[in-house]
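# A closer look at the structure
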Amino acid sequence: AIVGEPIANRSAAELLRAQAKVNKYLDQRGYRPTVHWLDNEAPMAVKDFNATHNIATQLTPPYSHRRNAAERAISTYKKHFLSVLSGVDMSFPLHLWDRILEQTTMTLKMLREGRQHPQLSALAA
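Cut-off values and rules
Residues numbered from 1 in each chain as written. Predicted model: local features only at pLDDT ≥ 70, side-chain atom pairs only at ≥ 80, totals over all residues. Heavy atoms only, no water. Helix = DSSP H or I, 4+ residues; strand = E, 2+ residues; numbered from the N terminus. Buried < 20%, exposed > 50% of the residue type's maximum accessible area, 1.4 Å probe, protein only. Contact = heavy atoms within 4.5 Å. Areas by Shrake-Rupley, 256 points an atom, 1.4 Å probe, with all protein chains shown as cover. Lys, Arg positive; Asp, Glu negative; His and termini not counted. Charge placed at Lys NZ, Arg CZ, Asp CG, Glu CD. Pairing = 2+ DSSP bridges. Core = buried A, V, L, I, M, F, W, Y, C linked by side-chain atoms within 4.5 Å. pLDDT = per-residue confidence, 0-100. Salt bridge = Lys/Arg side-chain N within 4 Å of Asp/Glu carboxyl O. Arc of directions from axis to C-beta.

### Some thoughts on the overall build of the protein
Assigned secondary structure in the protein consists of 4 helices and 2 strands. N-terminal to C-terminal, the α/β element order of the protein is α-β-α-β-α-α. By its C-alpha atoms, the protein is 45 × 35 × 30 Å across when sized along the principal axes. Counting all 125 residues of the protein, 23% fall into the buried class. A fraction of 36% describes how many contacts in the protein between residues 6 or more apart in sequence connect residues 24 or more apart. Accessible surface computed for the protein: about 8,900 Å², of which carbon and sulfur atoms make up 56%. Positive and negative side-chain charges in the protein, numbering 16 and 11 respectively, have mean positions lying 5 Å apart.

### Focus: the pairing of strand S1 (residues 35-38)
Residues His-36 and Leu-38 point to one face of S1 and are all buried, whereas Val-35 and Trp-37, pointing to the other face, are not buried. Pairing of S1 with strand S2 (residues 56-59), which is carried by 4 bridges, proceeds in the parallel orientation. Pairing of Leu-38 across the sheet is with Leu-59, part of S2.

### Comments concerning the nonpolar core
Grouped together as the largest cluster of nonpolar side chains are 6 residues: Ile-2, Tyr-77, Phe-81, Ile-100, Leu-101 and Leu-108. Contributions of two or more residues to this core are made by helix H3 (69-86) and helix H4 (101-111). In this structure, Ile-100 is in contact with Phe-81, Val-84, Leu-85, Val-88 and Phe-92, ignoring residues within four places of it in sequence.

### Some details on the confidence of the model for the protein
Mean pLDDT over the protein: 85, with 95% of residues reaching 70 or higher. No element of the protein has a lower mean pLDDT than S1, at 81, and none a higher one than helix H1 (residues 12-28), at 91.

### Concerning the pattern of salt bridges
Counted according to the given criterion, the structure contains 3 salt bridges. Across the pair Glu-5 and Lys-21 runs a salt bridge whose closest N-O atoms are separated by 3.7 Å. Taken as a pair, Glu-5 in the segment before H1 and Lys-21 in helix H1 lie far apart in primary sequence, 16 residues in all. Among the residues examined, Lys-21 registers a relative accessible area of 47% and is labelled partly exposed.

### Topic: helix H2 (residues 44-52)
Among the residues making up H2, those that are buried are Val-46, Phe-49 and Asn-50. Considered in projection along H2, the buried side chains sweep an arc of 100 degrees and stay on one side of the axis. Opposite the packed face of H2, turned more than 90 degrees from it, sit the exposed residues Met-44, Ala-51 and Thr-52. The inward-facing, buried residues of H2 contact H1, S1 and S2. Of the residues one or two after H2, Asn-54 is the one with positive phi, at around 55 degrees.

Here it is in structure tokens:
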């Protein structure tokens, strides 16, 4: 799943907050994460959170962005978000970028097929 969640900074507490929110989002929709791919600079708090929720942690070697599915998903999301930003009105205040993340996520899910149900969009799945 590609789910966007804004973070204020890269502190362990903020990353943990975002991780918990995304896990809750997926769990409410019937998708329980089993593996979380992290880069080699992931904070211990996130790894501990995964361990307490029975989520395997997989570390990706540095500089192997093409091999990492999470990095590919991040790249896809960034590109889609930039295309959404390019279509907003010229008077749109860019400091409100976080207010359009939900819409960005929904439109991206409409364009992608579901992994478990390829005949459905990711949003329908």
